[in-house]
Amino acid sequence: MKMDCALVLIDFQVGFEDPAWGARNNPDAEAKAARLLTAWRATGAPVVHVRHLSKTPDSPLSGTGTAWMPALAPLEGETCVEKSVNAAFIGTGLEAALRAQDVTDLVIAGLTTPHCVSTTCRMAANLGFRVILAHDACAAFAANADESWQDTSERHLTPDAVHNAAISHLHGEFVTARAVTDILTQ
């Protein structure tokens, strides 16, 4: 890994194991993110852990749901950012921390693809970072798509469809979407 390329892991928290989220795609997302984390740690390249602290008391991402997933928990010295909105750059010191380390490129992985991952990718690109999205180290849930605006009671978007649409909206405009295996062999 290049030292000017940071790995940004978004919201790998136990709260996303709550059944309230419904069906999800990509059950291997955490394992693939862990592969990236191992590679970054082995080279000493910058690692950033982002955690969502919901302001909604009954949210799965409040209370005990804010704990890191053990395989993706930060080590001492790794940058940690806490947010209460979708974008990891809003109300945090993320941009300043990256700039202080002369980071120009980001590899982003996390939960959930259409919300916090997408919003953070868009902002990172708009701030001038080159962004690679590790698409297979991200996941989406059925609950990520609110279809209530339509005149129907049927859900049409599966977690795969939500995930794939989010990546398709980002790729080529804000990020380059790549598989973890490709990122690790670059």
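Now for a look at the structure at hand. (Residues numbered from 1 in each chain as written. Predicted model: local features only at pLDDT ≥ 70, side-chain atom pairs only at ≥ 80, totals over all residues. Heavy atoms only, no water.)

Residues Thr-113, Cys-116, Val-117, Ser-118, Thr-120, Cys-121 and Ala-124 constitute the buried set of helix 3 (residues 113-126). Contacts made by the buried residues of helix 3 are with strand 1 (5-10), strand 2 (47-52), strand 3 (79-83), strand 4 (105-111), strand 5 (130-139) and helix 4 (159-170). (Buried < 20%, exposed > 50% of the residue type's maximum accessible area, 1.4 Å probe, protein only. Helix = DSSP H or I, 4+ residues; strand = E, 2+ residues; numbered from the N terminus. Contact = heavy atoms within 4.5 Å.)

Attention now goes to the side chain of His-52. You can see His-52 is positioned in strand 2. In this structure the side chain of His-52 is engaged in a polar contact, spanning 3.5 Å, whose partner is the backbone oxygen of Val-85. What His-52 contacts, discounting residues up to four positions off in sequence, is Asp-11, Gln-13, Leu-61, Thr-66, Lys-83, Ser-84, Val-85 and Cys-116. (Polar contact = N/O pair within 3.5 Å; in protein donor to acceptor, adjacent residues only side chain to side chain.)

Moving on: the pairing of strand 1. Within strand 1, 6 of the 6 residues are buried, which leaves it mostly tucked inside the rest of the structure. Burial along strand 1 is two-sided: Cys-5, Leu-7 and Leu-9 facing one way and Ala-6, Val-8 and Ile-10 facing the other are all buried. Pairing analysis gives 4 bridges linking strand 1 to strand 2, with the strands arranged parallel. Note that in strand 2 the partner of Leu-9 across the bridge is His-49. Read as a crossover between parallel neighbours, the route from strand 1 over helix 1 (residues 29-43) to strand 2 is right-handed. (Pairing = 2+ DSSP bridges. Right-handed = clockwise from strand over helix to strand, strands pointing away.)

Our focus in this paragraph is the nonpolar core. Core analysis: the biggest nonpolar cluster contains 28 residues, and Leu-9, Phe-12, Leu-36, Trp-40, Val-107, Ala-109 and Ala-134 have the highest contact counts within it. Taken together, the elements giving at least two residues each to this core come down to strand 1, helix 1, strand 4, strand 5 and helix 5 (180-184). Take this core: its biggest share by element is 7 residues, from helix 1. Within the second largest apolar cluster, 25 residues are counted, among which are Phe-89, Val-103, Cys-116 and Phe-174. (Core = buried A, V, L, I, M, F, W, Y, C linked by side-chain atoms within 4.5 Å.)

Here we take up unusual backbone geometry. With an omega of -10 degrees, the peptide bond running from Leu-111 to Thr-112 counts as cis. By the secondary structure assignment, Thr-112 is in the loop between strand 4 and helix 3. A positive phi angle, close to 45 degrees, is found at Asn-26, a residue other than glycine. A residue is classified by how much of its surface remains accessible, and Asn-26, at 17% relative accessible area, is buried.

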